[in-house]
Amino acid sequence: MNITFCCTDTKAEPWLAGLRAAFPEATVDVWQPGAAQADVAVVWAPPQRFLDEQQALKALFNIGAGVDALLKLRLPPGVRVVRLDDAGMSVQMAEYVCHAVIRHFREFDGYEADVKAGKWSYRKPRDRKDFAVGVMGLGVLGERVARALRVFDFPVHGWSRTPKAIEGVFTHSGEVGLETFLSASRVLVNLLPLTPDTQDILNRQTLGRLQPGGYLINVARGAHLVDADLLALLDSGHLAGATLDVFRTEPLPPEHPFWQHPQITLTPHTSARTLRDESIAQIAGKIRALEAGQPIAGVVDAIRGY
Ligand SMILES: NC(=O)c1ccc[n+]([C@@H]2O[C@H](COP(=O)([O-])OP(=O)(O)OC[C@H]3O[C@@H](n4cnc5c(N)ncnc54)[C@H](OP(=O)(O)O)[C@@H]3O)[C@@H](O)[C@H]2O)c1
């Protein structure tokens, strides 16, 4: 077997070492233009030239959960695109989102400012029943996040394309369920994949349906959010704030108003990082399963877009 590695902005050596240890019988190399045809590729943001040259690939393993950028490229015919299926990301996402929700709900930013000013002050406890959290996308990451939020007794709503049942979570689905889902939520967490159906889905109209004092946590993709609409809703007071981990352009350009906005907390696309060892173990298991003709999880449906 010939395994090729083509990952932009990723240190190749540790990945190659892990893959070679898992497949001592295989050739595992970093792709170079003109390289021999490989059977399987491990990729992140590969150039179009890589895909044009590697026409014999049977499977492309993306070292992230989101495949929106990969699906914009021209892929070899019949290739299976496989995304990371958790691989240590869902627990990171759950801790990031719970942290953001609790920080907002418990007004920790306000306490921090008071303490810095030398003020010993109390705020009136808020009722968590007034802070229903809506999780958009109930896949591998969204479901874990919804369950984690329930541990803190927040009312939790979830929205997905097809109907889902998750204990303790009010679930909604499809276009018809969107309005009820939004109006039931005060804090909105986005964990949708970026597809033609979900691009720009966080806009003036949808965010405007959240309960007054709404709060946005976007941890999926920057192109889900219409930036100007978020700013307008913060200015109008309808939204109380936002925590953003992903942006239309990354790194976020220095002149972007999000940097300095007092109601926006931002992090540099770090809510759920790819963990190398877990990812290699998962990819190796799936390559072995494919070799044995067994089904694997995480195969992307290119028509659906995720
Ligand atoms: N910021 C970060 O560090 C980071 C890290 C990892 C991933 N991500 C982002 O998180 C996203 C989600 O990852 P995942 O592994 O949870 O994905 P996933 O398992 O594919 O789940 C996607 C969920 O979204 C729902 N969905 C898709 N299209 C929809 C639509 N048009 N309307 C309503 N619901 C829709 C799906 O509904 P069904 O269940 O009905 O199919 C599913 O519940 C990734 O695509 C990626 O963009 C971000």
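Since this is a predicted model, take the numbers as computed values, not measurements. (Residues numbered from 1 in each chain as written. Predicted model: local features only at pLDDT ≥ 70, side-chain atom pairs only at ≥ 80, totals over all residues. Heavy atoms only, no water.)

Asks: Kindly report on the overall build of the protein chain, identifying the contributing residues and their values.
Replies: Secondary structure assignment for the protein chain yields 10 helices and 12 strands. Taking 19 Å as the expected radius of gyration for a compact globule of 306 residues, we find that the protein chain reaches 21 Å, a close match to that expectation. Each of the three principal axes of the protein chain carries a C-alpha extent, and together these read 65 × 40 × 30 Å. Summed over its atoms, the accessible surface of the protein chain is roughly 15,000 Å², and 54% of this surface lies on carbon and sulfur atoms. In the protein chain, 32 positive and 34 negative side-chain charges are present, and the distance between their average locations comes to 3 Å. (Helix = DSSP H or I, 4+ residues; strand = E, 2+ residues; numbered from the N terminus. Rg over C-alpha atoms; globule rule 2.2 N^0.38 Å. Areas by Shrake-Rupley, 256 points an atom, 1.4 Å probe, with all protein chains shown as cover. Lys, Arg positive; Asp, Glu negative; His and termini not counted. Charge placed at Lys NZ, Arg CZ, Asp CG, Glu CD.)

Asks: So, the site of the ligand: which residues are in play, and what are the values?
Replies: Not every one of the 30 residues close to the ligand is listed here, only the nearest: Arg83, Leu141, Thr162, Lys164 and Tyr306. With respect to the ligand, the backbone of Leu138 contributes an N or O atom lying 2.9 Å from an oxygen atom. At a separation of 3.0 Å, a nitrogen atom of the ligand approaches a polar side-chain atom of Ser271. Look at the ligand: alone it shows 940 Å² of surface, and the protein chains cover 92% of it. Counting residues per element, the ones that place at least two in the shell around the ligand are α4 (89-105), α6 (140-151) and β7 (156-160). With 3 residues, α6 is the largest single contributor of residues to the shell around the ligand. When its residues are assigned to classes, the shell around the ligand shows 15 nonpolar, 9 polar and 6 charged. (Near = heavy atom within 4 Å. Polar contact = N/O pair within 3.5 Å; in protein donor to acceptor, adjacent residues only side chain to side chain. Nonpolar A, V, L, I, M, F, W, Y, C, P; charged D, E, K, R; others polar.)

Asks: So what about the packing of aromatic side chains? Which residues, and what values?
Replies: This model, assessed by the stated rule, comprises 6 aromatic pairs. Consider the rings of Phe5 and Trp15, whose centres lie 6.0 Å apart with planes at 35 degrees: the pair is tilted. Remark: Trp15 occurs in helix α1 (residues 12-22) and Phe5 occurs in strand β1 (residues 2-7); sequence separation between them is 10 residues. Both residues of the pair, Phe5 and Trp15, count as buried. Centroid distance Phe105 to Phe154: 5.2 Å. Interplanar angle 80 degrees. Geometry classified as edge-to-face. Of this pair, Phe105 sits in helix α4 while Phe154 sits in the loop between α6 and β7; the two residues are 49 residues apart in sequence, bridging distant segments of the chain. For Phe105, a relative accessible area of 5% gives the class buried. For Phe154, a relative accessible area of 1% translates into the label buried. (Phe/Tyr/Trp six-rings, centres within 6.5 Å; stacked < 30°, edge-to-face > 60°. Buried < 20%, exposed > 50% of the residue type's maximum accessible area, 1.4 Å probe, protein only.)

Asks: Got a sec to walk through the nonpolar core? Specific residues and values, please.
Replies: Generally speaking, a soluble globular protein has its nonpolar side chains buried in company with each other. Val97, Leu149, Val189 and Ile217 are the most contacted members of the largest nonpolar core, which totals 53 residues. Contacts of Ile217, omitting those with residues within four sequence positions, involve Val97, Ala100, Val101, Val187, Leu188, Val189, Asn190 and Thr243. (Core = buried A, V, L, I, M, F, W, Y, C linked by side-chain atoms within 4.5 Å. Contact = heavy atoms within 4.5 Å.)

Asks: Lay out the packing of α1 against helix α10 (residues 276-291) in plain terms, naming residues and giving numbers.
Replies: Relative orientation of the contacting elements α1 and α10 amounts to 40 degrees, with a least axis distance of 10 Å. Between α1 and α10, the angle falls in the class oblique. Seen along the crossing, α1 lies across α10 with a hand that is right-handed. Of α10, the residues touching α1 (which contributes Pro14, Trp15, Gly18, Leu19 and Ala22) are Arg276, Ser279, Ile280, Ala284 and Arg288. (Axes fitted to C-alpha atoms, helices over the stretch in contact; angles between N-to-C directions. Parallel < 35°, antiparallel > 145°, perpendicular 65-115°, else oblique. Left-handed = near helix turned anticlockwise from the far one by under 90°.)

Asks: Could you give me a rundown of helix α7 (residues 174-184), with the residues and numbers involved?
Replies: All of the buried residues along α7 are Gly174, Gly177, Leu178, Phe181, Leu182 and Ala184. Buried residues of α7, seen end-on, are gathered within an arc of 150 degrees and therefore sit on one face of the element. Across from the buried face of α7, at angles greater than 90 degrees, the exposed residues are Glu175 and Val176. Where the residues of α7 are buried, they touch β6 (133-136), β7, β8 (170-173), β9 (187-190) and α8 (204-208). (Arc of directions from axis to C-beta.)

Asks: I'd like a description of unusual backbone geometry, backed by residues and values.
Replies: Most peptide bonds take the trans form, and the phi angle of most residues other than glycine is negative. With an omega of -5 degrees, the peptide bond running from Glu250 to Pro251 counts as cis. Note on placement: Pro251 falls in the loop between β11 (239-244) and β12 (264-266). One non-glycine residue, Asp9, adopts positive backbone phi at about 60 degrees. Relative to the helices and strands, Asp9 is located in the loop between β1 and α1. The backbone phi angle of Ala45 is positive, close to 45 degrees, even though this residue is not glycine.

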